[in-house]
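Next come the chains, spelled out residue by residue.
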Amino acid sequence: MNGGRRLSPREIADTLRDRIRSGDLKAGDRLPTQAELAEEFGVERGTVRQALRALQEDGLLSNVSKGSPPRIAEPAVASSGEPQPTMVGLAPRLTAAFAAPHVRVDAACLTAETLMLALSEPVRAIHEGRVHPQSIDVRILLPSREINLAFPISVEGGGDDEDPVHRRWLAQRNAQGHVLQHNLRALRTSHGIDVRVTFRALPFTPPVKLYLLNGTEALMAYYMVTRRAEDDPSGTLDMYDVLGTESLLFSFERQAGRRDAAFVEQSQLWFDALWETITTDLTLS
């Protein structure tokens, strides 16, 4: 499946994570055995074990042991007192937000990857008839392609359009944005929902990811910068990158008290100010 190149534990974990978020693997399902996964991906069992440990640390797997295949964990709802990995905590909060008749999601992030994957749960809830929003308005702030990003960036420097790390980020930013946009806009035809998805370009690299849900909840996670290498058609990319899906997501709810209410209010004001002033139109190429 990879043209002869051995997949890394991270790539295998990402593939399995996508299957979980898309609904191909549901809560309670057992994964194939390590031997079956090793055969599917063409790797050693040790590589599979590393991928499974990463998914367990994300809270996506339960009953991970040598004796039997693990199960897909039940989704847990993040609370302000118990931060969770972004990939675990965001989807159930989005699903809860989609129970409102008029859904508004504002996001400021490096790419739309986490939001794209997490939205699969509320979209599935709509198809299953568990939530019935009348309108969905999503606004997303992403870094402009014209700036030199703080991360991801080649260890040796660079950051312009000729830099393979920058080209990789830009391709991911655009592809993930298109998928997110398509999945939401498809609800117009299938369910008659009024859907708007809008992007604007930030003139800086956001140090955190921020999600604002219906003006009542703010979810924030720090981008944790790390050095890593990744294979690419142009060669091995040695870069400073971030682990966005693994960073802890902190939730602040307007009804949780004056401190949380102030954070939600100020976060919304900050987002609105950026949207209306120094950001520019963003067209996904």
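The model shown is predicted, which means the values in this text are computed figures rather than measured ones.

Explain the pairing of strand E12 (residues 248-253) to me, please; I cannot follow it from the model alone.
Within a regular strand, side chains alternate between the sheet's two faces. As paired strands, strand E3 (residues 84-85) and E12 are joined by two bridges and run antiparallel to one another. The residue bridging Gln84 from the neighbouring strand is Leu249, located in E12. Pairing of strand E9 (residues 217-222) with E12 involves four bridges; the strand directions are antiparallel. Counted as the bridge partner of Ala218 is Phe252 from E12.

Honestly, unusual backbone geometry in this entry has me stumped. Any pointers?
Across the chain, the bulk of peptide bonds are trans and the bulk of non-glycine residues have phi less than zero. Cis geometry is adopted by the peptide bond preceding Pro152, which originates at Phe151 and carries an omega value of -5 degrees. Here Pro152 lies in the loop between strand E5 (135-143) and strand E6 (153-154). Non-glycine residue Asn214 carries a positive phi angle of around 55 degrees. Mapped onto the secondary structure, Asn214 falls in the loop between strand E8 (208-213) and E9.

Where do I start with the packing of aromatic side chains in this structure?
The description of two aromatic rings rests on the distance between their centres and on the angle between their planes. Taken as a whole and judged by the stated rule, the model has three aromatic pairs. Ring plane angle 20 degrees and centroid distance 5.9 Å describe the contact between Phe271 and Trp275, whose orientation is recorded as stacked. A residue pair is termed a helical-turn pair when its members lie 3 or 4 positions apart in one helix, as Phe271 and Trp275 do in helix H8 (residues 258-276) at four residues. In this structure, Arg139 packs its charged tip against the face of Trp275, placed 5.1 Å from the ring centre.

Can you walk me through the pattern of salt bridges in this structure?
A side chain of one charge can pair with a side chain of the opposite charge when the charged atoms of the two come close. Summed over the entire model, instances satisfying the criterion amount to 16 salt bridges. The shortest N-O distance in the salt bridge between Asp106 and Arg139 comes to 2.9 Å. Pair noted here: Asp106 is in strand E4 (residues 102-108) and Arg139 is in strand E5, with a separation of 33 residues, a long-range link. Of the residues examined, Asp106 reaches a relative accessible area of 0% and is grouped as buried. The shortest N-O distance in the salt bridge between Asp137 and Arg196 comes to 2.9 Å. One end of the pair, Asp137, is in strand E5; the other, Arg196, is in strand E7 (residues 194-202), and 59 residues separate them in sequence. Overall, Asp137 belongs to the buried group, its relative accessible area being 17%. A relative accessible area of 51% means that Arg196 is categorised as exposed. One continuous salt-bridge network, built from bridges that share partners, spans Arg104, Asp106, Arg139 and Asp272.

Explain the packing of helix H4 (residues 86-97) against helix H6 (residues 120-127) to me, please; I cannot follow it from the model alone.
Packed helices, taken two at a time, are described by their axes: the angle between them and the distance between them. Viewed as axis vectors pointing N to C, H4 and H6 meet at an angle of 40 degrees, and their least axial separation amounts to 7 Å. It follows that H4 is oblique to H6 by the angle criterion. Regarding H4 and H6, the two cross each other, and that crossing is right-handed. Every residue of H6 that contacts H4 at Ala91, Pro92, Leu94 and Thr95 is listed here: Glu121, Pro122 and Ala125. Here the contact of H4 with H6 is built from residues that sort into five nonpolar, one polar and one charged.

Definitions and cut-offs
- Residues numbered from 1 in each chain as written.
- Predicted model: local features only at pLDDT ≥ 70, side-chain atom pairs only at ≥ 80, totals over all residues.
- Heavy atoms only, no water.
- Pairing = 2+ DSSP bridges.
- Helix = DSSP H or I, 4+ residues; strand = E, 2+ residues; numbered from the N terminus.
- Phe/Tyr/Trp six-rings, centres within 6.5 Å; stacked < 30°, edge-to-face > 60°.
- Lys NZ or Arg CZ within 6 Å of the ring centre and 35° of its normal.
- Salt bridge = Lys/Arg side-chain N within 4 Å of Asp/Glu carboxyl O.
- Buried < 20%, exposed > 50% of the residue type's maximum accessible area, 1.4 Å probe, protein only.
- Axes fitted to C-alpha atoms, helices over the stretch in contact; angles between N-to-C directions.
- Parallel < 35°, antiparallel > 145°, perpendicular 65-115°, else oblique.
- Left-handed = near helix turned anticlockwise from the far one by under 90°.
- Contact = heavy atoms within 4.5 Å.
- Nonpolar A, V, L, I, M, F, W, Y, C, P; charged D, E, K, R; others polar.

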